[in-house]
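Commentary on secondary and tertiary structure
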Amino acid sequence: MQVKERIKIKNSNKHIIKEIAGRAVWLVLAFFLSFSSVVGGCCPFAVSLITVSSKRNFLFSAIGAGLGYIVFCDSTDAIRYFSAVIIAALGTLAINLFNSRKEFYLPMIVSFLSVLSTGIVMNIRSGDAAGAYALTVGEAVLALGASFFFFRAVHCNIKRLKYKALPVTDITCLMVSAAVALAGLSFIEIKGVSPARIIAVAVILTAVRFGSQSWGLIISLCLGFALGISRDNSMFLLGAYAFSALVSSLFTSISSLGIGVSFSLSMVFFAVAANMGAFSVCCVIESVIASVIMVLLPEIITEKISAFFESGADIAPDGSLRQSLVVRLRFASSALAQVSESVRDVREKINALGRIEPMESELRMVAADQFFSISDMLGDLAFEFDDAEIFDFKSAGKIRRMLGEYDIYPENISVIIDKYDRMRVEILAPAKTNGLESPRIKNEIEKICGRDFEKSRTNYSGSSFMLSIIEKPNFKMSFGFAQYCAEGKLCGDTIKTINDSKGHMIFIISDGMGKGGRAALDGAMGAGLLSKLLCAGFGFDSSLKVVNSALLVKSSEESLATLDCACVDLFTGKCEFYKAGAPRSYVVKNHSVSKCELSSMPAGILRGIEFAKRTTVLNVGDEIIMMSDGITDVGEELLDEFLRFDDSDSPNDRAKEILDFAIKHSCDRHRDDMSVIVAKLIKG
């Protein structure tokens, strides 16, 4: 109980400190805004701040504003603005009592009337001319506008700014409000040089360097306007800051020094054109000082600034598009599964009526299975899109601009980071595109993404091709294979090796039924179709269903093929075996041989077959050995003993030695086609 009481007291103290600090901020801010004046000596901004304060803070902002006007204004103006503060505080109290905080026009009306009424009273008392009345009306309008900007700034969700979800209008109001507050310090000068204007230029340069051209322009316009109206004959700062920010944004690809130099040179041009004497010189000096500050910023600060501007770059609307695509793919997958169920129900009813031949019924069921296969394939695509945690659109945009410099214009660029922080770049381009596979392009992409990539891989489809570049994995596979034809020149076994451009190495052995040409056709069809589907991004299970259906309908005669697959994750060493009627495989770790033997059916015999699966983890130097049944026929004990003591270094030599051993110990009369793959995990 004592511990809980201490925690409760501690949290209560934190809350009290937070409340006091918040109210102190409003008091200090109102105090500084009280001497934030514009041309003509008008300083209504503190009054405007009072009207947008909450029920808890308006009294403190009123105190700060009142003190500020008393300290910084002469006696006449102090009385007038102090009266405006009292009227604004009473109006704000009324707004809070009637719970009308969401009505933005009420603070605007209160600030307008507070400044206008007190101003007119002073004009009447002093017997001022019409020009003074016009100035009073203008100051009241300025107070009204300041209330609008302050209201939007106070009521916007600052957290949304970090995630790029804040509307541009709210961002502008935030910037204008901050600029007005900064302008209040511009009267502090050291031999004509203003620290406030140095800060303003430094903020503009930082926005250009780490943000974007739009950020730089918005901030420069806001700061230029606020600082321009803060003193006589300084409105040229509005155009000078904005144009200089635009010029400096052209040099973002060079360095911080290039941005600072270009901004300073542009300010020299405006200083000469404005012909403001010492003030123009001071503006140039302020730009140079701000540029030096930006160049000398320590790395720890620049990283935080860069992280702020880059955070949320991959969030909506593009992120929501990905989720929408995932949902649609899953919905389509479910719909196709329901179609398949409907076809199956109709087929069973027709069979019950006895109006269909058995062979025709089987073919109809194979057709129904295709809907299930397509459903699974759409599910695989949905899983792949959902697995992509981040679509790095900023890097994709940089890559597109870089390719444009080489006159390469792809149809689509995707930079994808999965949940394991692995990056891959996919570029879809017309088939006639030249130069995209150049090593220079790969090097440029590595610089943009800040990662090392493997050699690019290309998949062609019709009039387009997909260039895939994956982040360089931790491991590689050194592999070799060997084959023996038992009859003629055609081998019934087919070997395929695939790098799927996502960090996986896949090995396939497909053994067609029998020997010679027919077996070669079945084996090639099984391995070829499976490899194409896997390369396209579909999963093993859905791909097997398609291969099985294709073999079932290939001809009226029996047609089958075994499928033996191993998929190695080159980032983690995880190895998954998939077997459909295939014989055992072996895993060799430090001369210790373990078998992977799974019961399963080959493709092409029955509907609805599935892969048997097993998983292991490979370390550097470990091997996997896959083989067709022509080799395993020599006998389990004999083969196990040979594999245990064979110490060949090269996987290719080891594969040939295994094949020679199997040929030597098999009977010529019953010898079958033979295939073997040896793959060793090595460092990347």
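Let me begin by describing the structure that accompanies this report. The numbering scheme is per chain: residues are counted from 1 as the chain's sequence reads. Predicted model: local features are reported for residues with pLDDT of at least 70 only, side-chain atom pairs are reported and counted for 80 or more only, and whole-chain, interface and lining totals are derived from all residues. Hydrogens and waters are ignored; side-chain quantities use all the structure's heavy atoms.

Here, nonpolar core refers to any group of buried Ala, Val, Leu, Ile, Met, Phe, Trp, Tyr and Cys residues whose side-chain atoms link them within 4.5 Å. Buried, partly exposed and exposed residues are distinguished by accessible area as a fraction of the type maximum, computed with a 1.4 Å probe on protein chains only: under 20%, between the cut-offs, and over 50%, respectively. Counting 71 residues, the largest nonpolar core has Tyr 69, Phe 150, Leu 237 and Tyr 241 as its most contacted members. By definition, residues are in contact when any of their heavy atoms lie within 4.5 Å. Once you skip the residues sitting within four places of it in the chain, Phe 150 turns out to touch Leu 33, Phe 45, Ser 48, Leu 49, Val 52, Ser 177 and Val 180. Ranked by size, the runner-up nonpolar core spans 21 residues in total, among them Met 477, Ile 624, Met 626 and Ala 679.

Residues three or four positions apart in an α-helix share a direction because the helix packs 3.6 residues into each turn. In this description a helix means any DSSP run of H or I spanning at least four residues, a strand means any run of E spanning at least two, and both kinds are numbered starting from the N terminus. Helix span, as expected, comes to 1.5 Å for every residue beyond the first. For helix α4 (residues 75–97), built from 23 residues, the straight-helix expectation of 33 Å at 1.5 Å per residue is met to within 8% by its first-to-last C-alpha distance of 33 Å. The set of residues buried in α4 consists of Ala 78, Arg 80, Tyr 81, Ala 84, Val 85, Ala 88, Ala 89, Gly 91, Thr 92, Ile 95 and Asn 96. Where the residues of α4 are buried, they touch α2 (45–51), α3 (58–72), α5 (105–126) and α6 (130–155).

Their axes nearest at 8 Å, the elements α5 and α6 cross at an angle of 160°. In terms of their interaxial angle, α5 and α6 are classed as roughly antiparallel. The interaxial crossing formed by α5 with α6 has right-handed handedness. Taken together, the residues of α6 that come into contact with α5 (itself represented by Pro 107, Met 108, Ser 111, Phe 112, Val 115, Leu 116, Gly 119, Ile 120, Asn 123 and Ile 124) are Ala 132, Tyr 133, Thr 136, Val 137, Glu 139, Ala 140, Val 141, Ala 143, Leu 144, Ser 147, Phe 148 and Phe 151. By the convention adopted, Pro, Cys, Tyr, Trp, Phe, Met, Ile, Leu, Val and Ala count as nonpolar, Lys, Arg, Asp and Glu as charged, and the other residues, Gly among them, as polar. Classifying every residue of the contact of α5 with α6 by side-chain character gives 16 nonpolar, 5 polar and 1 charged. Helix axes use the C-alpha atoms of the stretch in contact, all axes being lines fitted to C-alpha atoms, and the angles between their N-to-C directions lie in the range 0 to 180 degrees. Angles below 35 degrees are treated as roughly parallel, those above 145 as roughly antiparallel, those between 65 and 115 as roughly perpendicular, and all remaining angles as oblique. Helix crossings fall into two classes, left-handed where the near helix is turned counterclockwise from the far one by less than a right angle and right-handed where it is turned clockwise.

Let's shift gears to a negative patch on the surface. On the surface, Asp 649, Asp 653, Glu 657 and Asp 660 cluster together into a patch of negative charge. You can see Asp 653 is positioned in helix α23 (residues 651–664). Patch definition: residues above 30% relative accessible area lacking any salt bridge, with like charges linked at up to 9 Å and the nonpolar side chains Val, Leu, Ile, Met, Phe, Trp and Tyr linked at up to 5 Å. Reported accessibility uses the Shrake-Rupley method at a 1.4 Å probe radius. Residues are deemed covered only where the shown protein chains occlude them. Here, a salt bridge means any side-chain nitrogen of Lys or Arg that lies within 4 Å of a carboxyl oxygen of Asp or Glu. We treat Lys and Arg as the positive residues and Asp and Glu as the negative residues; His and chain ends play no part in the count. A charged residue contributes its charge at one atom only: NZ of Lys, CZ of Arg, CG of Asp or CD of Glu.

Before going further, it helps to spend a moment on the side chain of Arg 422. With respect to the helices and strands, Arg 422 occurs in the loop between β2 (412–418) and β3 (423–430). In contact with Arg 422, not counting residues within four places along its chain, are Ile 416, Ile 417, Arg 451, Glu 471, Asp 569, Phe 571 and Thr 572.

Time to look at the packing of aromatic side chains. Any two of the Phe, Tyr and Trp rings considered here, Trp counted by its six-membered ring, make a pair once their centres fall within 6.5 Å; the pair's planes then place it as stacked at under 30 degrees, edge-to-face at over 60, or tilted in between. The full count for this structure, using the stated rule, is 12 aromatic pairs. Ring centres of Phe 479 and Phe 507 lie 5.4 Å apart, and the angle between their planes is 70°; this geometry places the pair in the edge-to-face category. Remark: Phe 507 occurs in strand β8 (residues 504–512) and Phe 479 occurs in strand β6 (residues 475–484); sequence separation between them is 28 residues. A relative accessible area of 32% means that Phe 479 is categorised as partly exposed. Using a relative accessible area of 0% as the deciding quantity, one classes Phe 507 as buried. Aromatic rings pair up to connect Phe 243, Phe 269 and Phe 270 into one cluster. The rule for a charge over a ring is simple: NZ of Lys or CZ of Arg within 6 Å of the ring centre, and within 35 degrees of the ring normal. Just above the ring of Tyr 81 sits the side chain of Arg 80; from NZ or CZ to the centre is 4.8 Å. Between Arg 209 and the ring centre of Phe 210, over which it is positioned, the NZ or CZ distance is 5.3 Å.

So, on to the pattern of salt bridges. Inspection of every chain in the model, using the stated rule, returns 16 salt bridges. When the shortest N-O distance is used, the salt bridge between Lys 574 and Glu 576 registers 3.8 Å. The exposure class of Glu 576 is partly exposed, given its relative accessible area of 24%. Among the salt bridges present, the one from Asp 640 reaches Lys 595, with a minimum N-O distance of 3.3 Å. Highlighted residues: Asp 640 in helix α22 (residues 636–645) and Lys 595 in strand β12 (residues 592–596), separated in sequence by 45 residues. Via salt bridges that share partners, Glu 19, Arg 23 and Arg 56 belong to a single interconnected network.

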